[in-house]
Amino acid sequence: MELIDLRSDTVTKPSVEMRAAMAAAEVGDDVYGEDPTVNLLERRSAEVFGREAALFVPTGTMGNQIAIRLLTEPGQEIITESHAHILDFEMATVAVFSGCLIRAVEGENGILTWKQIEPAIRPRGVLRAATGLIEIENTGNLTGGRVTPLHALENIWTGANEHGIPTHLDGARIFNAATALGLDVKVITRGFDTVMFCLSKGLGAPVGSMLVGTAEQIARARIFRKALGGGMRQAGVLAAAGLIALEQGPQRLHEDHANARLLAEVLASLERVEINLDGVETNIVIFHLREGRSAAELSHRLKVRGVLANAVGPHAMRLLTHLDVNRSACVRAAEILAEEIEAL
């Protein structure tokens, strides 16, 4: 039985083209800045985002944490949405590595706006930790792949500048956001001081993320990358796959979005499921089981049928579409989901 893996878009396997590029990659010691393939990936990433420089890092978490260290001082607060990855999935590293706390603000349907951010800002003083950074995640992982629209981002950039507060984008899936909005990533990221994006999610690389910013920021970021153990030496074998992901991956993301919509529409037709169809904008589907039905039990039943999907709460499930799950696989997965939910 061939598994249909909807747990995450991180589970994709490198393509034949990627494997060939990795085997043939020209390499050097990246800690010395001598790996030509890594250097090319960093230049291309900077060009795509209209920035001066970029840094190749092993993970999105490392990219986010380096940016936070760059933009904050110990003892400050970071404003972010209450379901943010840096809050829920990065092991409290903002406290350990940067000496900061997170000020979580609940967004509207997972989207944080300036209207919600501004009241949470704390000025410098002797009683409260000052706000040192505003962090936005676009798309939102635990908010079901919701896309923050350009006008909301522009309001945040303007307000943050007026308050003198830097901004960082966790753009792990920023190309999904760009696809959904029909805009270039350069346009929807231009106001952030730093941007992290993943090569290893929807774009399909086996490993790696990028941090983009000014040349000065990235020079400092190399120091923090080394401090976190991210100096990978002959990393061109990984960067070679990343180059293919960067150049080719964004062109097919609309297929993942269409497949997620297919799954969501089938789920919406089931009486035992609660789902917000309007919230399914990209490749993530989150739904809830009614009447106290167990998400863990559903996950187990699906696995027996060859579909892998994660529970994200006692009654909540998350599905992610990606390049290794085609249309026919999603049709089959939808059929199995319907059958197993009805059998709960």
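Rules behind the numbers
- Each chain carries its own residue numbering, running from 1 in the direction its sequence is written.
- With pLDDT at 70 or above as the cut-off, local features in this predicted model cover only qualifying residues; side-chain atom pairs require 80 or more to be listed or tallied, and sums for whole chains, interfaces and linings still use all residues.
- Only heavy atoms go into the side-chain values, all of them from the structure, while hydrogens and water stay out.
- Think of it this way: DSSP has to see at least two bridges between two strands before they count as a pair.
- In DSSP terms, a helix is any run of H or I states spanning at least four residues, a strand is any run of E spanning at least two, and both are numbered starting from the N terminus.
- Orientation is described by axes fitted as lines to C-alpha atoms, over the contacting stretch for helices, and by angles from 0 to 180 degrees between their N-to-C directions.
- The contact definition used throughout considers only heavy atoms, calling two residues in contact when any of these lie within 4.5 Å.
- A 3.5 Å cut-off defines polar contacts: any pair of N or O atoms within that distance qualifies, except that in protein one atom must be a possible hydrogen donor and the other a possible acceptor, and neighbouring residues in sequence count only when both atoms are side-chain atoms.
- Between Lys or Arg on one side and Asp or Glu on the other, a salt bridge is scored when a side-chain nitrogen of the former is within 4 Å of a carboxyl oxygen of the latter.
- Relative accessibility under 20% of the residue-type maximum defines a buried residue, over 50% an exposed one, and the middle range a partly exposed one, all with a 1.4 Å probe and only protein chains included.

Undergrad: How should I be thinking about the sheet that holds strand β6 (residues 167-171) in this particular structure?
TA: Adjacent strands of a sheet form backbone hydrogen bonds with each other and so pair up, either parallel or antiparallel. Taking strand neighbours across the sheet as the criterion, the seven strands line up as β2-β8-β7-β6-β5-β3-β4 in an open arrangement whose pairing is mixed. Of all the strands in the sheet, just β2 (53-57) and β4 (101-105) have a single pairing partner and so form its edges. Averaged over all neighbouring strand pairs, the angle between strand axes comes to 20°, with direction disregarded. By the bridge criterion, five bridges tie β2 to strand β8 (residues 209-213) in an arrangement that is antiparallel. Bridge assignment links A54 to a residue of β8, and that residue is V212. This element, helix α10 (residues 215-227), spans β2, β7 (194-198) and β8 of the sheet and lies at about 20° to β2.

Undergrad: Hey, could you run me through the side chain of N64 in this one?
TA: Turning to its location among the elements, N64 is positioned in helix α3 (residues 60-71). Polar side-chain contacts of N64 include one of 2.9 Å to the side chain of H168. Residues contacting N64, with those up to four places away along its chain left out, are I86, E90, H168, L169, D170 and M196.

Undergrad: Any chance you could explain the pattern of salt bridges here in plain terms?
TA: Charged atoms that come close allow side chains of opposite charge to pair. The full count for this structure, using the stated rule, is 20 salt bridges. A salt bridge links R103 to E77, with the shortest nitrogen-to-oxygen separation between them at 2.8 Å. You can see R103 sitting in strand β4 and its partner E77 sitting in strand β3 (residues 77-81), a full 26 residues away along the chain. A relative accessible area of 30% places R103 in the partly exposed class. The exposure class assigned to E77 is buried, which follows from its relative accessible area of 7%. Ionic contacts of the salt-bridge type, sharing partners, join the residues E297, R301, R305, E339 and E340 into one network.

Undergrad: Looking at this model, I keep getting lost on the sheet that holds strand β10 (residues 284-289). Mind explaining?
TA: A sheet is described by the order of its strands in space; here four strands give the open sequence β9-β10-β13-β12, paired in antiparallel fashion. Edge positions in the open sheet fall to β9 (273-274) and β12 (310-311), since each of these has one partner strand only. Across five bridges, β10 lies against strand β13 (residues 316-320) in antiparallel orientation. Residue pairing for β13: H288 is matched across the bridge by A316. Along the sheet, helix α13 (residues 295-304) makes contact with β10, β12 and β13, crossing β13 at roughly 40°.

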